[in-house]
Amino acid sequence: EGKNTKKKGGVKIRDEPPVDGKQIVRGIIGIYSPIHRIGKTKFAIRFGQRMARQIPVLYLNLEGYSGMDYYFQEGQGKNLGDLLYCMKQERGDYGIKISSMTGQAGGMDYILPMENEQDLKAVKCSEWLSLIDMISEKCIYEAVILDLGECIDGVYEILRKCTKKYS
């Protein structure tokens, strides 16, 4: 076990994400665990913020209870549900729309998560995949971090789409 690794509930977790200047991960990054309260969101945010020192990063929280009030206190305004609604409108200005919805923390962009778990559960896997494709194709982000919860439809299909997975 390295100096940044500790155990919580029998599961190894890292305080500091593995990022250095030579091996920045690009693409869609999925962070998932069926075990709750092990520091997954904290890991995902720190990971994104460290990567954001060198490349543009977008963080999306796809959990039923995101805890975003704790992590992003200024969290007011548009959220992931609003972005999904805009995507359904078949607009051509997705990149501009996303940039108007993002907040920033530690150099990393984020879009606030959906507030209601039932709304999150109602989003189909195909919609998540379309959103991920749209962000990859139309936006400036070199890395998109998906902080995944098991309540979303198609979590394993979404993980298969990821360039890199942390669990």
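Residues numbered from 1 in each chain as written. Predicted model: local features only at pLDDT ≥ 70, side-chain atom pairs only at ≥ 80, totals over all residues. Heavy atoms only, no water.

**Some points on the sheet that holds strand β5 (residues 103-105)**
No. 1: Read from one edge to the other, the open sheet built from six strands follows the order β5-β6-β4-β7-β3-β8, with strand pairing classed as mixed. Pairing within the sheet leaves two strands with one partner each, and these edge strands are β5 and β8 (164-166). Each strand of the sheet is rotated relative to its neighbour by a mean of 25°, with strand direction disregarded.
No. 2: By the bridge criterion, three bridges tie β5 to strand β6 (residues 108-111) in an arrangement that is antiparallel. By the bridge assignment for β6, Ala105 is matched with Met108.
No. 3: Helix α6 (residues 125-138) contacts β3 (27-32), β4 (57-62) and β7 (143-148) of the sheet and is inclined by roughly 170° relative to β4. (Pairing = 2+ DSSP bridges. Helix = DSSP H or I, 4+ residues; strand = E, 2+ residues; numbered from the N terminus. Axes fitted to C-alpha atoms, helices over the stretch in contact; angles between N-to-C directions. Contact = heavy atoms within 4.5 Å.)

**Concerning the pairing of β4**
No. 1: Buried residues dominate β4, accounting for six of its six residues.
No. 2: Going residue by residue along β4, you find Val57, Tyr59 and Asn61 tucked away on one face and Leu58, Leu60 and Leu62 tucked away on the opposite face as well.
No. 3: Two elements, β4 and β6, share three bridges in a ladder whose sense is parallel. Bridged to Tyr59 within β6 is Tyr110. (Buried < 20%, exposed > 50% of the residue type's maximum accessible area, 1.4 Å probe, protein only.)

**A look at the side chain of Glu63**
No. 1: Its location among the elements puts Glu63 in the loop between β4 and α2 (68-71).
No. 2: Only 2.9 Å separates the side chain of Glu63 from the side chain of Thr41, close enough to count as a polar contact. (Polar contact = N/O pair within 3.5 Å; in protein donor to acceptor, adjacent residues only side chain to side chain.)

**A word on the packing of helix α4 (residues 94-101) against α6**
No. 1: Interhelical geometry of α4 versus α6 gives an angle of 100° and a closest axis separation of 9 Å. The orientation of α4 relative to α6 falls into the category roughly perpendicular. For the pair α4 and α6, the contacting residues are Tyr94, Gly95 and Ile98 in the first and Met134, Ile135 and Lys138 in the second. (Parallel < 35°, antiparallel > 145°, perpendicular 65-115°, else oblique.)

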